[in-house]
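# Summary of the model geometry
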Amino acid sequence: MRSIVLTKGVPDFSEGAVSFDEDGHLERGKTPTVMNPNDEFALQAALQTKVRHGGHVTGMSMGPPGYAEVLQGAMETVYTDDSYLLSDRELAASDTWATAITLSAGLEKYQDEIADVDLVFAGFKTADGETGQTGPQTCWAMDWPIVTHVIALDIDPDERMLRAKRLVEGDIDEVETVEAPLPCFVITDPEFEPTYRKASHRLTHKELRAETEQRAANHDDYLTTWDHADLNLDPDYIGLDGSPTIVSSVDPIPKAPSEREATMIDPAENEMVPVLEELQPHAAEAGD
């Protein structure tokens, strides 16, 4: 099975990491970029597929040169065999539609020049835009079947068929089982959990994880970068010019109010004694 995992870099929204200018606009240059958290589930699904059926896993992203570190993180934290970055200035300021056009061109070039693709995995949505549109729009451009909100999956290589369990309209209490022919797109839900029931699968998983960590240490050797000319894309249909979305305003993320007060204590002066006495009744209640 040859899989491609679409991933994206997003601002690190952890406490204290996000930087805004005086007008409340996000300063991406001053805010660290990390891999979109939901993309980890897509990577886990691709790794599970390789463990069970063999094959190859490629990470692919569209973004500035710094996104190479995002792809490196995907390789190290979960698994990929290699990485493809679609990057140049003509692609800047793309909305989800222009991004999907670019990613579909990358997938088509990969199929023409590298190998046929069986599965494309993507995360549910990104932590910055939260539209959940890029994966489905890219699939639409490829004219492939798509299964969304996937929480479990397996492949029948002989029948060339995907069998998946998915949440119905995001409801964690209602699950349906569906089938789709390969090649197809899989949008993983945050409820996705990989399973490795066989001892041989668990051993293979351990070996693949060790291999991918070694590759990540020399990520440049496994990275290919394509620009819009490589993808044969018209600048009028990509980047800002090819983006029909109009953003009227952006609201900054509000900071949580500082409502808690802290009392500094010195353990050396036995100041922990009254604290423990105060907490003891609560510990007893928890035990009951």
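Before reading on, note that the structure itself is shown above.
Residues numbered from 1 in each chain as written. Predicted model: local features only at pLDDT ≥ 70, side-chain atom pairs only at ≥ 80, totals over all residues. Heavy atoms only, no water.

### A word on the packing of helix H1 (residues 39-53) against helix H5 (residues 199-216)
Put simply, the rule reads: Orientation is described by axes fitted as lines to C-alpha atoms, over the contacting stretch for helices, and by angles from 0 to 180 degrees between their N-to-C directions. A helix here means a DSSP run of H or I that spans at least four residues, while a strand means a run of E at least two residues long, and both kinds are numbered starting from the N terminus. Each angle gets one of four labels, with under 35 degrees taken as roughly parallel, over 145 as roughly antiparallel, 65 to 115 as roughly perpendicular, and the rest as oblique. Less than a right angle of anticlockwise turn of the near helix away from the far helix marks a crossing as left-handed, whereas a clockwise turn marks it as right-handed. Contact between two residues is taken to exist if any of their heavy atoms lie within 4.5 Å; hydrogens are not considered. Residue type decides the class: Asp, Glu, Lys and Arg count as charged, Ala, Val, Leu, Ile, Met, Phe, Trp, Tyr, Cys and Pro as nonpolar, and the leftover types, Gly among them, as polar.
Interhelical geometry of H1 versus H5 gives an angle of 120° and a closest axis separation of 9 Å. Our classification of the angle between H1 and H5 gives oblique. In this structure, H1 crosses over H5, and the sense of that crossing is right-handed. When H1 is examined against H5, the residues Leu47, Lys50, Val51 and Arg52 are found in contact with a partner set consisting of His201, Thr204, His205, Leu208 and Arg209. Split by residue class, the contact of H1 with H5 holds three nonpolar, three polar and three charged.

### Quick word on the environment of methionine 142
Rule in force here: Three labels apply to residues, based on accessible area from a 1.4 Å probe with only protein chains included: buried if under 20% of the type maximum, exposed if over 50%, partly exposed otherwise in between.
Note on placement: methionine 142 falls in helix H4 (residues 134-142). Judged by relative accessible area, methionine 142 falls into the buried class, the value being 10%. For methionine 142 and serine 104, which are 38 residues apart along the polypeptide, the C-alpha to C-alpha distance reads 6.2 Å. Ignoring any residue separated from it by four or fewer positions in sequence, one finds methionine 142 in contact with Ser104, Leu107, Glu108, Gln111 and Phe185.

### Digging into the pattern of salt bridges
Defined as follows: Any carboxyl oxygen of Asp or Glu that lies within 4 Å of a side-chain nitrogen of Lys or Arg is treated as forming a salt bridge with it.
Per the stated rule, a full pass over the model turns up 10 salt bridges. Taking the shortest distance from any N to any O, the salt bridge between aspartate 81 and arginine 215 comes out at 3.7 Å. On the criterion of sequence distance, the pair formed by aspartate 81 in the loop between helix H2 (67-77) and strand S5 (82-86) and arginine 215 in helix H5 is long-range, its members being 134 residues apart. Neither residue differs from the other here; aspartate 81 and arginine 215 are each classed as buried. A salt bridge links lysine 109 to glutamate 113, with the shortest nitrogen-to-oxygen separation between them at 2.7 Å. Placement of both lysine 109 and glutamate 113 in helix H3 (residues 96-113) is noted, with a separation of four residues, approximately one turn of the helix. Among the ionic contacts, a cluster of salt bridges with common partners joins Asp156, Glu159, Arg163 and Glu179.

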